[in-house]
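The chain contents come next:
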Amino acid sequence: MPGNDRHALLPLDRPDPPRAELAGRKAATLSRLRAAGFPVPDGFVIPATATVLDDGLRDAVLKAATDLGGGPFAVRSSGVDEDGEYASHAGQYTTVLGAEDDARLLMAIQECWSSGCSAHARAYRAAHGLAPEAPLAVLVQRLVPAEVAGVAFTADPVTGDPTRTVVSAVHGLGDRLVSGAATPDEWVVHDGAAVRRASGADVLDADQARAVAELAARVEAHEGAPQDIEWALAGGELFLLQARPITGLPEPEAAVEPMPVPAEPPHGYWTREASHAPHPWTPFTRKLLSVRNPSFQHMMAEFGFLLDGLVVRNIGGWEYVRLVPLGGRDRRRPPDWLMPLLVRTVPPMRARIRDCVAAMRADTSGQLVRRWHESWAEEFATTIVRLRDVNLTGHADEALDRHLGEVLAFYDEGDLAHMRLHGAIVIALGELMFTCEELFSWDDAATLALLCGLSTRSTEPARRLAELAELARTRPDVRRLLENIDAASGGLPPDIDRDFAEAFATYQRDYGCRGLRYEVAAPNVAEVPGMTLGLIRDQLSSGYDPQAETAALAARRAEAAAEARRLLATRPAADRERFERALARAELAYPVREDNASLTVSAPTALVRLAALEAGRRLAERGQITRRDDVFYLEPEEVRAALLSGAAQGALVTRRKAERAWTLAHPGPASYGKDPGPPPSMDALPDEARRAMKALIWAVDRILAPGRTGEGNDDGAILRGVAASSGRYTGPVRIIRGEDEFGKVRTGDVLVCPTTSPVWSMLFPGIGALVTDAGGTLSHPAIIAREHRVPAVVATGGATSLLRDGETVTVDGTAGTVEHR
């Protein structure tokens, strides 16, 4: 074909298929499959080395188009690193269908090139640790006049089952399915039988679904990996339009034989820690989280709390927690008369009491809270941006190892800061709680009303989504897209409204580098753009108004403060001064409980994940592990060692998968050991130490709610838990066990889940109420619910097992009950 050697067009129909570096992976794959006899429409490729549509290239394109028989044409972008195993780039680059004449064909080529540097494509690549831009080829084919078109997955993308092919179809061209503009007819083909799973319209029959599945199976056999194909039916003929490996395929449950994990509880009383760990951790995360024990110990010593630590331990694959007394061993509670003697004569207790009194008098709590507001938060934010913007794919192995070490160290730094701040928050909130209890006989709910609306960082993602929703409200094309979005969607199509695309890319950059859970194997926010788009859709339908919410919370806060001051009007000045001091300190400390979590926990988790995924990609390419995500079955130092040594890790990964399968099938009991009973009386302690210890004991109960993680307290019609956010609401249950199920939630649902991390706050503007298995009144779900004025009951113990999707329940967040059946 005409053109200089560097920019010569590449025929699709050739015995020696072009390399992906020139034709892009999409076109190179199709050329390879056409050469193997698959029904791929003929065409040509403008190579990735061409960047300007000069006269010579223009003439070559138009002659090649004429040789194909003229339009209409399908013009598709073909990136050199798209359709990869770990980043498909689905929906990121432009496809133009129906380019009828020369002018439209040339314009379509320019549109494809432009999509390679679009804001949403750059955000997608950044989320996957890729360079901002990559070379882009353009594939031109005769348009198949499809009567029916769709996609097929040779393994179920939800369950990972490799024996089930999922076929989706719509009338007409397949872009209506890919863009979400049409509800598909969906079939599952298994052992030769085709069963319709969902129907948007009567598009395919069983024989046609089997034919598509057979084509997909042949592609998988040829390519050697599970495939996601696009296909079309025209004139009774089946065409193959695209093929790529399925990314992010779940591990099939039956892939390993469970291997027993011994449960050997150490000395002491241990309770299940379900408020943060409703599921077993992967080995990577479990080892990463081991930093918590020294962090807890540091915090206890810094504030002089009369405990050696709050220790977390993996027992039988599940996470348990224990409050460790000074000396390390649980003992019978000493009688109250003996405590004054122990306080004066036991050396470890005397030393720790001195430390506690000194910390209280030096206002260590206030110093840490002020440091967070004045400098610490900004320092964390700056480091996060720097580490987030590193181009990991450009690093040699040694540099990647150093980067992984840096983000692991940053994670440890964040954990320590998180724990130290919790000690500070405990002191400040405890002071306000006990002040209100003693002066007004108020309970937790009445006192927390004094602080509602102050946790602004926890509501910030939802408020920023509201801005995107308002922007979408004025764009009909965007609204139509959002109405048909689902959590599995790959992001925005390239031809979407530019203003919205840029605003969405900015949102993903600002909030995408955050882990959805504490589990590093779980995706970051930026990796699931369909989830975020679905939340924008839900805000459109719910009418969420962040300004009105802020005003309502401020009014409630002012009302509670006015009531306290009314009750104090005739009390001594010392009481009024005590209340105002406690309130001012709590107002400064309360928002730090949630606000620090995004910077000290969520973002560091996301940074570790990005580095681990890049290491996993390299290990998988070298055959050291089977798949990229197998990296999470290794511990961090094992990953670093394998990266530099080249040693195979497949056997270790298989064993740990087998152990995890056993763990999931054998949930641990609610507790191990004998409950030592309530703590001894603190009356013999000096005033400062007594107040500090009382605050700590109160906070542990309100955050972790130990002892409330067993079976639900259900009397047949009423499920009981802890009242976490006032109000009463009746609506349908939606059980969500993980972030991969966010797409199930619809406006007005009662969200029922094991627990939530702070990142789940994005869901709250659209839900009617919240019910959790675990947590207390100061747990993340409870605080977020109050900040969104959502009725909530936490610590039910078993709501996710006792309730059913779709059943109507009434949640009373004031009484702490869920009425059902």
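Up top is the structure.
Below is a short write-up of the structure. For clarity, every value in this text was computed on a predicted model and none was experimentally measured.

Points about the overall build of the protein
Each helix and strand counted, the protein has 24 helices and 24 strands in total. For a compact globule of 821 residues, the expected C-alpha radius of gyration is about 28 Å, and the protein comes in at 29 Å, within 12% of that figure. Each principal axis of the C-alpha distribution contributes one length, and for the protein these read about 100 × 55 × 50 Å. Per-residue burial over the protein gives 56% buried out of 821 residues. Restricting to contacts in the protein with at least 6 residues of sequence separation, those with at least 24 account for 70%. On the protein, the mean spot of the 91 positive side-chain charges and the mean spot of the 112 negative ones are 6 Å from each other.

Comments concerning the sheet that holds strand 3 (residues 73-79)
Strand order in the open sheet formed by five strands is 1-2-5-3-4, and the pairing between neighbours is antiparallel. In the strand order of this sheet, the two ends are held by strand 1 (10-11) and strand 4 (95-99), each with one partner. Relative to strand 2 (residues 43-46), strand 1 is paired through two bridges, and the arrangement is antiparallel. Bridge assignment links proline 11 to a residue of strand 2, and that residue is phenylalanine 44. Sheet strands in contact with helix 2 (residues 55-67) are strand 2 and strand 3, and its direction is about 170° off that of strand 2.

As for the nonpolar core
Nonpolar side chains in soluble globular proteins generally cluster together in the buried interior. In this structure, Phe305, Leu432, Leu450, Leu451 and Phe579 are the most contacted members of the largest nonpolar core, which totals 111 residues. Ranked by residues supplied to this core, first place goes to helix 12 (residues 397-440) with 21 residues. With near-sequence residues (within four places) excluded, phenylalanine 305 lies in contact with Met299, Met300, Arg352, Gly423, Ile427, Ala692, Met693 and Leu696.

Re the packing of aromatic side chains
Overall, the coordinates contain 13 aromatic pairs when judged by the stated rule. Ring plane angle 80° and centroid distance 5.8 Å describe the contact between phenylalanine 284 and phenylalanine 632, whose orientation is recorded as edge-to-face. Linking phenylalanine 284 in helix 7 (residues 283-288) with phenylalanine 632 in the loop between helix 19 (573-621) and helix 20 (636-645), this pair joins segments that are 348 residues apart in sequence. For the residue pair phenylalanine 284 and phenylalanine 632, the accessibility class agrees, reading buried in each case. An angle of 65° between the planes, with centres 6.2 Å apart, marks the rings of tryptophan 372 and tryptophan 376 as edge-to-face. Within this pair, tryptophan 372 and its partner tryptophan 376 are both found in helix 11 (residues 364-388), separated by four residues, close to a single helical turn. Across the pair, tryptophan 376 and tryptophan 372 agree in class, each one buried. Through a chain of ring-to-ring contacts, the aromatic side chains of Trp372, Trp376, Phe380 and Phe410 assemble into a single cluster. Over the ring of tryptophan 376 we find arginine 371, and its NZ or CZ is 3.9 Å from the ring centre. Its end group placed over the ring of phenylalanine 434, lysine 694 keeps NZ or CZ at 4.4 Å from the ring centre.

Here we look at the side chain of arginine 557
Along the polypeptide, arginine 557 turns up in helix 18 (residues 546-568). Here arginine 557 occupies a buried position and makes no salt bridge, while the nearest side chain of opposite charge, glutamate 587, is found at 5.5 Å.

Considerations on helix 20
Of all the residues in helix 20, the buried ones are Pro636, Val639, Arg640, Ala642 and Leu643. Within helix 20, the buried residues cover an arc of 165° as seen down the axis, which keeps them to one side. In this structure, the buried residues of helix 20 make contact with helix 7, helix 12 and helix 19. Of the residues flanking the end of helix 20, it is glycine 646, one or two places downstream, whose phi is positive at about 80°.

Focus: the pattern of salt bridges
Overall, the coordinates contain 54 salt bridges when judged by the stated rule. For arginine 480, the salt bridge identified is with aspartate 477, shortest N-O distance 2.1 Å. Of this pair, arginine 480 and aspartate 477 both sit in helix 15 (residues 476-483), three residues apart, which is roughly one turn of the helix. Among the salt bridges present, the one from aspartate 749 reaches arginine 734, with a minimum N-O distance of 3.0 Å.

Quick word on the side chain of glutamate 807
Inspection of the secondary structure assignment puts glutamate 807 in the loop between helix 24 (799-802) and strand 23 (808-812). Side-chain polar atoms of glutamate 807 contact the backbone nitrogen of arginine 804, separated by 2.6 Å.

Quick word on unusual backbone geometry
That bond from glycine 71 to proline 72 is cis: its omega, 5°, falls within 30 degrees of zero. Within the fold, proline 72 resides in the loop between helix 2 and strand 3. Backbone geometry at arginine 789 places phi at a positive 55°, although glycine is not the residue there. In this structure, arginine 789 sits in the loop between helix 23 (780-787) and strand 22 (792-794). With relative accessibility at 42%, the residue arginine 789 sits in the partly exposed group. Positive phi values are uncommon outside glycine, yet alanine 795 reaches one of about 55°. Looking at the secondary structure, you find alanine 795 in the loop between strand 22 and helix 24.

What counts and how
Residues numbered from 1 in each chain as written. Predicted model: local features only at pLDDT ≥ 70, side-chain atom pairs only at ≥ 80, totals over all residues. Heavy atoms only, no water. Helix = DSSP H or I, 4+ residues; strand = E, 2+ residues; numbered from the N terminus. Rg over C-alpha atoms; globule rule 2.2 N^0.38 Å. Buried < 20%, exposed > 50% of the residue type's maximum accessible area, 1.4 Å probe, protein only. Contact = heavy atoms within 4.5 Å. Lys, Arg positive; Asp, Glu negative; His and termini not counted. Charge placed at Lys NZ, Arg CZ, Asp CG, Glu CD. Pairing = 2+ DSSP bridges. Axes fitted to C-alpha atoms, helices over the stretch in contact; angles between N-to-C directions. Core = buried A, V, L, I, M, F, W, Y, C linked by side-chain atoms within 4.5 Å. Phe/Tyr/Trp six-rings, centres within 6.5 Å; stacked < 30°, edge-to-face > 60°. Lys NZ or Arg CZ within 6 Å of the ring centre and 35° of its normal. Salt bridge = Lys/Arg side-chain N within 4 Å of Asp/Glu carboxyl O. Arc of directions from axis to C-beta. Polar contact = N/O pair within 3.5 Å; in protein donor to acceptor, adjacent residues only side chain to side chain.

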